[in-house]
Number of protein chains: 4
Amino acid sequence: MYKTTKKKIHILLHPELGETKWDKILNGFIITLIILNVIAVFLETEQPLLEHYGKFFRVFDLVSVIIFSIEYVLRLWSANHDPRYGHSFFGRLKYIFSLDAMIDLLAILPFYIHIAVGLDLRVLRLLRLLRFLRLFRLTSYMKSAKLVRDVFAKRANELKLSLVLILFLIIIASSLLYFAEHQAQPRVFSSIPASIWWAVVTVTSVGYGDMVPITILGKILSGIVSLCGLALLALPAGIITAGFLEETRKMKHNGNHVCPHCGGDLDHHEH
Amino acid sequence: MYKTTKKKIHILLHPELGETKWDKILNGFIITLIILNVIAVFLETEQPLLEHYGKFFRVFDLVSVIIFSIEYVLRLWSANHDPRYGHSFFGRLKYIFSLDAMIDLLAILPFYIHIAVGLDLRVLRLLRLLRFLRLFRLTSYMKSAKLVRDVFAKRANELKLSLVLILFLIIIASSLLYFAEHQAQPRVFSSIPASIWWAVVTVTSVGYGDMVPITILGKILSGIVSLCGLALLALPAGIITAGFLEETRKMKHNGNHVCPHCGGDLDHHEH
Amino acid sequence: MYKTTKKKIHILLHPELGETKWDKILNGFIITLIILNVIAVFLETEQPLLEHYGKFFRVFDLVSVIIFSIEYVLRLWSANHDPRYGHSFFGRLKYIFSLDAMIDLLAILPFYIHIAVGLDLRVLRLLRLLRFLRLFRLTSYMKSAKLVRDVFAKRANELKLSLVLILFLIIIASSLLYFAEHQAQPRVFSSIPASIWWAVVTVTSVGYGDMVPITILGKILSGIVSLCGLALLALPAGIITAGFLEETRKMKHNGNHVCPHCGGDLDHHEH
Amino acid sequence: MYKTTKKKIHILLHPELGETKWDKILNGFIITLIILNVIAVFLETEQPLLEHYGKFFRVFDLVSVIIFSIEYVLRLWSANHDPRYGHSFFGRLKYIFSLDAMIDLLAILPFYIHIAVGLDLRVLRLLRLLRFLRLFRLTSYMKSAKLVRDVFAKRANELKLSLVLILFLIIIASSLLYFAEHQAQPRVFSSIPASIWWAVVTVTSVGYGDMVPITILGKILSGIVSLCGLALLALPAGIITAGFLEETRKMKHNGNHVCPHCGGDLDHHEH
């Protein structure tokens, strides 16, 4: 019976293993709690809100940490149900140092450090935002996430190259603009590293307007840079689109990709 | 004869059912009236125009409401010609609460509330803009609208995922920039919710320039965020493009992908 | 011999009819002259340049007009070599009112009006920019121009729909932002037509920063609008890409698109 | 043995010829040195850094130049191992004037000019940035670089056309905006060349906000220009995407588009 409880709890905490009604409710509750926690941390940075509802925020944080702590202990206890963490001691130790468990721990640890040491560092409080990372795990349940990951993985080389080309453009553009504008605006284009900021803002076509060339040469160079930027940014867009098309085509063909000569399956062939 | 009139009026008010000359003229008149109404509401918000041409605007509104009211009553009366709203009383009642009829009613109701209660709320006047929503129905006549809808519907999961990823980027970016910039610009990056505005403006590459990082760390993070933003925005573009290609290919293949010489199916040929 | 001269001149002035060495030289000369004329008009708007080099600009304009006038007369004279303008009088008259000839005439007319009437309107001088339109004709020689035109023509309906959707977004966005921001910034978001300018700048992600929402509601709406804008702008990009792919595929298949059953040509079949 | 040493050094300096352990280490060292040099030049433009670490920068530059000089001499000496530069004198002379060697020389020359002539021009110091160009050679080792180059090369005509169309739009837009805005903002839209800057910033959707139309006509024109800009920018994006798809498809088809069961060609099958 002890083992069955552990198994039940393990499944309960891992909605990807099986879907019962309780499973969904618990999972939905945890997700809601995480989102509320993130919203709480966000709102706490608004000074007037913190002053008026400070007590409410503290109580909410306390309740959240208790729930997350119980969840963490239960996960740790039921971890060795998973064959990867099979050993009753070393398995659990291994589980503690897994990425998932580390994120879970980091999200509740600041609270206990605060209690133990008495420190109430603002930075420590903001560590609670790490709870948000747990939501990332959820995207892995989405079927389309696999597709997106596949596209990015298979086109990694092309995407890397376009990143390199964009970085090259940024470096060359910032050097050129420094030459063109440093004399005219010594305080704005004060150095090449300062011009890099201009180059990034221009190449990505964000264009805040805090650094703008005023010389004729600077404007001509800037125009060429922004046009080149657009051409280079069309590169990753094209790569990703091509990747998507291929993946979706592959998906469809799975099964009915048959040779018109002999009718053999073209995808799985073992002789 | 009574029934025939109803049928005629029903068809007259539903240009998608049949296209006669009168049909087209009436429909064109209603569309023009709606567009003129929207332009009128827009221009009324210009103070000098309202002062000079106030009377003209009021007369135009009165005439429009009368026409729309007549149209509404005729639609309601002829509604039970449609088998969906067949019953002479309950059918019409059902029609009143259909989305189309609700929009039509909301567009003329403010006028009657104004007369009945004597209220002349500015907000109420602006409700007339709802008339504009009626134009949306028109796009459904366009053949290409179906194509666009299909692409968005079939790729809904991927598009949802990219929206989730963009939201994740915005949330992470605003937290990071708050840390980097709050000390240097406590009034600009005053809180994380305030930084979200910066993140949205940067990720979408709009870049108004009202919030700009000034610290080195903030600028580096901002550069990374805008590059990630561009990569993520290439995602929906790629998804939509891939969707379009597939739909247009499917359209072509439907039915006429047959060899015109021998009639053999060009997609599946087994010997 | 008279006829041969006319024919020779006709061919000389229409480089698309045949390519001789003289042809290319003359054509290159005319193109260079047009470009120089455009540059001259552009530079004349710079006050200091006009003051210093005013005489040079006038001489250059005089020479250009003489050359363009000679070209125009020769074109008119040799026009009836073209069977479309065959008749010696009515053919030439028809040619005068053809789009090409009208552009040519408009480009030199301002000069003669100036001499005849003595008017030296600045606007008239700028009409010389119409000479620039003659360069458009050149793009039609490019083979890829046909491809681009085909893509835009065949996808006209989808592109029209995405334009309609973008216009809808702009109209809805400007109304909503007017409501959200008018109270807080009565001078910036003074009316809905004024807000349209904000909507255009935001949806196209240009983001000048002259109109920026400051209320929370305005910022939330603005974020949604810019994300919707990006999704809608991905639409024409996707449509154009899909169009390009299909056109290039069609080009390639021309000739070797053969039915695998009977070997018949799948593109051109007349029974 | 002399020849073997030369061969070994030649291979050592040309990592694309063969990959040994020493090769990789040396190559990695040179790349790191180049990157550090670029960073050094960038940081030197920051006045406070130059003042504090001036001596360090000079020493680092001296060491770098010595290493690059040794490398250059060794490359020159071993150049005639390459059959293209086979002759012991003329081959090496030919090598000196090859693009690669010129870049290498330009990167170290400023230092020697400085020593020889005693000149310490700031511009001369910045010539060291040319060392950065050597990194470009590295991208040619990337397999995906060939793909990107192929796409751009095969679609050169279409890309050229879209560049021409974008330039046309910029020229027309700047002329129109000059007319619309010159009266209202004579200092901002001072001339057509000044308006070109506005047009470039708007068409590329960078939107710095230093030049913004304020008249109604200017705003309407600006809206049309930015929408046209987006449509034209979708063109190169579509062209590049289509190119990518075709190249990747071709790659796949090359050689292995054969039925694995019967060996029949899956592209061309005639019975």
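Given the structure is predicted, the values throughout are model-derived calculations rather than measurements. (Residues numbered from 1 in each chain as written. Chains lettered and ligands numbered in written order. Predicted model: local features only at pLDDT ≥ 70, side-chain atom pairs only at ≥ 80, totals over all residues. Heavy atoms only, no water.)

**Here's the deal with the overall build of chain A**
Part 1 of the argument: Along its length, chain A carries 11 helices and zero strands.
Part 2 of the argument: Counting only residues that meet the buried cut, chain A has 47% of its 271 residues in that class.
Part 3 of the argument: Of the roughly 14200 Å² that chain A leaves accessible, carbon and sulfur atoms contribute 70%. (Helix = DSSP H or I, 4+ residues; strand = E, 2+ residues; numbered from the N terminus. Buried < 20%, exposed > 50% of the residue type's maximum accessible area, 1.4 Å probe, protein only. Areas by Shrake-Rupley, 256 points an atom, 1.4 Å probe, with all protein chains shown as cover.)

**Describing a nonpolar patch on the surface**
All names here are of chain A.
Part 1 of the argument: A contiguous nonpolar patch, built from Phe-89, Phe-90, Leu-93, Phe-97 and Met-102 and spanning about 540 Å² of accessible area, is present on the exposed surface.
Part 2 of the argument: Checked against the element boundaries, Met-102 lands in helix H5 (residues 99-117).
Part 3 of the argument: For Met-102, a relative accessible area of 32% corresponds to the partly exposed category. (Patch = residues over 30% accessible without salt bridge, like charges linked within 9 Å, V, L, I, M, F, W, Y side chains within 5 Å. Salt bridge = Lys/Arg side-chain N within 4 Å of Asp/Glu carboxyl O.)

**Considerations on the packing of aromatic side chains**
Part 1 of the argument: A full pass over the atoms with the stated rule returns 32 aromatic pairs over all chains.
Part 2 of the argument: Seen from their ring centres, Phe111(C) and Tyr112(C) are 5.6 Å apart, and the 90 degrees between their planes marks the pair as edge-to-face.
Part 3 of the argument: Feature note: the residues Phe56(A), Phe57(A) and Phe60(A) constitute an aromatic cluster, connected by ring pairs. (Phe/Tyr/Trp six-rings, centres within 6.5 Å; stacked < 30°, edge-to-face > 60°.)

**Looking at the environment of Lys219(D)**
Part 1 of the argument: By the element assignment, Lys219(D) lies in helix H11 (residues 216-253).
Part 2 of the argument: Along the chain, Lys219(D) and Glu181(D) lie 38 residues apart, while their C-alpha atoms are 9.4 Å from each other.
Part 3 of the argument: With residues up to four places along the chain from it excluded, the contact list for Lys219(D) reads Trp197(C), Glu181(D), Pro213(D) and Ile214(D). (Contact = heavy atoms within 4.5 Å.)

**Notes on the confidence of the model for chain A**
Part 1 of the argument: When pLDDT is averaged across chain A, the result is 82; 84% of the residues are at 70 or more.
Part 2 of the argument: The element-level mean pLDDT for chain A is lowest in helix H6 (residues 122-126) of chain A, coming to 65, with helix H10 (residues 192-203) of chain A highest at 94. (pLDDT = per-residue confidence, 0-100.)

**Here we look at the packing of helix H3 (residues 47-78) of chain A against H5(A)**
Residues and elements named next belong to chain A.
Part 1 of the argument: Where H3 meets H5, the axes come as close as 10 Å, and the angle between the chain directions of the two elements is 140 degrees. Judged by the inter-axis angle, H3 sits oblique to H5. Remark: the crossing between H3 and H5 carries left-handed chirality. Of H5, the residues touching H3 (which contributes Asp-61, Leu-62, Val-65, Phe-68, Ser-69, Tyr-72 and Arg-75) are Ala-101, Asp-104, Leu-105, Ile-108, Phe-111 and Tyr-112.
Part 2 of the argument: Among the residues making up the contact of H3 with H5, the classes are represented as nine nonpolar, one polar and three charged. (Axes fitted to C-alpha atoms, helices over the stretch in contact; angles between N-to-C directions. Parallel < 35°, antiparallel > 145°, perpendicular 65-115°, else oblique. Left-handed = near helix turned anticlockwise from the far one by under 90°. Nonpolar A, V, L, I, M, F, W, Y, C, P; charged D, E, K, R; others polar.)

**Notes on the side chain of Ser222(C)**
Part 1 of the argument: On the secondary structure map, Ser222(C) appears in helix H11 (residues 216-253).
Part 2 of the argument: Residue class for Ser222(C) comes out buried when judged on its relative accessible area of 2%.
Part 3 of the argument: In this structure, Ser222(C) is in contact with Trp197(B), Tyr208(B), Leu177(C), Trp198(C), Thr202(C) and Pro213(C), ignoring residues within four places of it in sequence.

**A closer look at the packing of helix H9 (residues 156-181) of chain D against helix H10 (residues 192-203) of chain D**
Residues and elements named next belong to chain D.
Part 1 of the argument: Closest axis-to-axis distance for the H9/H10 pair is 8 Å, and the angle between their directions is 125 degrees. It follows from the interaxial angle that H9 and H10 lie oblique. Judged by the twist between their axes, the crossing of H9 over H10 is right-handed. Of the residues in H10, those in contact with Ile-166, Leu-169, Ile-170, Ala-173, Ser-174, Ser-175, Leu-177 and Tyr-178 of H9 are Ile-192, Ser-195, Ile-196, Trp-198, Ala-199, Val-200 and Val-203.
Part 2 of the argument: Classifying every residue of the contact of H9 with H10 by side-chain character gives 12 nonpolar, three polar and no charged.

**Describing the pattern of salt bridges**
Part 1 of the argument: As enumerated under the stated definition, the model contains 20 salt bridges over all chains in all.
Part 2 of the argument: For Arg75(C), the salt bridge identified is with Asp104(C), shortest N-O distance 3.9 Å. Taken as a pair, Arg75(C) in helix H3 (residues 47-78) and Asp104(C) in helix H5 (residues 99-117) lie far apart in primary sequence, 29 residues in all. In this structure, Arg75(C) and Asp104(C) share a single accessibility class: buried.
Part 3 of the argument: With a closest N to O distance of 3.0 Å, Arg75(D) and Glu71(D) form a salt bridge. Of the two residues, Arg75(D) and Glu71(D) both sit in helix H3 (residues 47-78), four residues apart, roughly one turn of that helix. We note that Arg75(D), like Glu71(D), is buried.
Part 4 of the argument: What emerges from the salt-bridge pattern is a single network uniting Glu71(A), Arg75(A) and Asp104(A).

**Observations concerning the side chain of Lys6(C)**
Residues and elements named next belong to chain C.
Part 1 of the argument: In this structure, Lys-6 sits in helix H1 (residues 2-13).
Part 2 of the argument: For Lys-6, a relative accessible area of 10% puts it in the buried group.
Part 3 of the argument: Sequence-distant contacts of Lys-6, defined by excluding residues within four places in its chain, comprise Trp-77, Ser-78, Asn-80, His-81 and Arg-92.

**Looking at unusual backbone geometry**
Residues and elements named next belong to chain C.
Part 1 of the argument: Positive phi values are uncommon outside glycine, yet Ser-205 reaches one of about 60 degrees.
Part 2 of the argument: As for its placement among the helices and strands, Ser-205 is situated in the loop between helix H10 (192-203) and H11.
Part 3 of the argument: Residue Ser-205 is classed as buried on the basis of its relative accessible area of 7%.

**Thoughts on the environment of Leu235(C)**
Part 1 of the argument: Here Leu235(C) shows up in helix H11.
Part 2 of the argument: Assessed through its relative accessible area of 0%, Leu235(C) is described here as buried.
Part 3 of the argument: Each residue touching Leu235(C), except ones within four places of it in the same chain, is listed here: Val148(B), Phe152(B), Ile240(B), Phe244(B), Ser162(C) and Leu165(C).

**A few points about H3(C)**
Part 1 of the argument: Where H3(C) bends most, the angle comes to about 80 degrees, and this point is Tyr53(C).
Part 2 of the argument: By the burial criterion, the buried members of H3(C) are Gly54(C), Phe57(C), Phe60(C), Asp61(C), Ser64(C), Val65(C), Phe68(C), Ser69(C), Glu71(C), Tyr72(C), Arg75(C) and Ser78(C). (Bend = angle between axes of the 7 residues up to and from the residue.)

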